[in-house]
Amino acid sequence: LKLSFLTALVMGGIFFTLCQAFPETILRIYMDVDDAVLEVGPRIIRLYSLSLLVVGFCMVCNYYFQSTLLRAACVLISVLRGLVFPVLLVLTLPLAFGYDYIWLGTPIGEMLTAGIAILIFLRARRKTQDSCVPIAE
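Rules and cut-offs
Residues numbered from 1 in each chain as written. Predicted model: local features only at pLDDT ≥ 70, side-chain atom pairs only at ≥ 80, totals over all residues. Heavy atoms only, no water. Salt bridge = Lys/Arg side-chain N within 4 Å of Asp/Glu carboxyl O. Helix = DSSP H or I, 4+ residues; strand = E, 2+ residues; numbered from the N terminus. Buried < 20%, exposed > 50% of the residue type's maximum accessible area, 1.4 Å probe, protein only. Core = buried A, V, L, I, M, F, W, Y, C linked by side-chain atoms within 4.5 Å. Phe/Tyr/Trp six-rings, centres within 6.5 Å; stacked < 30°, edge-to-face > 60°. Disulfide = S-S within 2.5 Å.

## A look at the pattern of salt bridges
- The final tally for this structure, using the stated rule, is 2 salt bridges.
- Residues Glu-110 and Arg-81 are paired through a salt bridge, measuring 3.0 Å at the closest nitrogen-oxygen approach. With a gap of 29 residues between them, Glu-110 in helix α6 (residues 105–131) and Arg-81 in helix α5 (residues 71–97) connect regions that are remote in the sequence.
- Note on Arg-81: relative accessible area 25%, which makes it partly exposed.

## Section: the nonpolar core
- Phe-5, Ala-8, Val-60, Cys-61, Tyr-64, Phe-65, Ala-73, Cys-74, Ile-77, Ala-117 and Phe-121 together form the largest nonpolar core, which totals 11 residues.
- Taken together, the elements giving at least two residues each to this core come down to α1 (2–21), α4 (52–67), α5 and α6.
- Top contributing element to this core by residue count: α4, with 4 residues.
- Core analysis: the next-biggest nonpolar cluster, separate from the first, contains 6 residues, Leu-47, Leu-80, Phe-85 and Leu-104 among them.

## Some points on the packing of aromatic side chains
- On inspection of all chains with the given rule, the structure shows 5 aromatic pairs.
- Seen in terms of ring centroids, Tyr-64 and Phe-121 are 5.0 Å apart; in terms of plane orientation they differ by 65°. Their pairing is edge-to-face. Placement of Tyr-64 in helix α4 and of Phe-121 in helix α6 is noted, with a sequence separation of 57 residues between them.
- Clustering of aromatic rings is evident, with ring pairs tying together Phe-5, Phe-57, Tyr-64, Phe-65 and Phe-121.

## Quick word on the state of the cysteines
- Counted under the stated rule, the structure contains 0 disulfides.
- There is no disulfide at Cys-58, and the cysteine sulfur nearest it, in Cys-61, is 6.8 Å away.
- A relative accessible area of 0% means that Cys-58 is categorised as buried.

Structure representation (structure tokens):
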């Protein structure tokens, strides 16, 4: 579990750094870019890539919940990060702060989901540790 969290953190950090340092290259991998795309694309890549810092954590938590049969937690995290937060944030952020903020919907949604996943994870781990009985030698 520790290795999974560490791997998610390191890989997220690497890909976030690559997106911050080379957004034009990332754009060129996925599309033929012109001047209009190069004008707005790098900023969008940099904003959106903030989600890479926590997406791995959310996925590891979700797989942990699945493997420990915490079905409700697994479904909750999946629905929050895949449907609820993205839809709510994409619809509300532009109205509240302007259309440039639409690109922060996914990163903010991932961060909110990560916060909820942390709470559920800590509670589940505490409950597991409390239910463990030491074996007398």
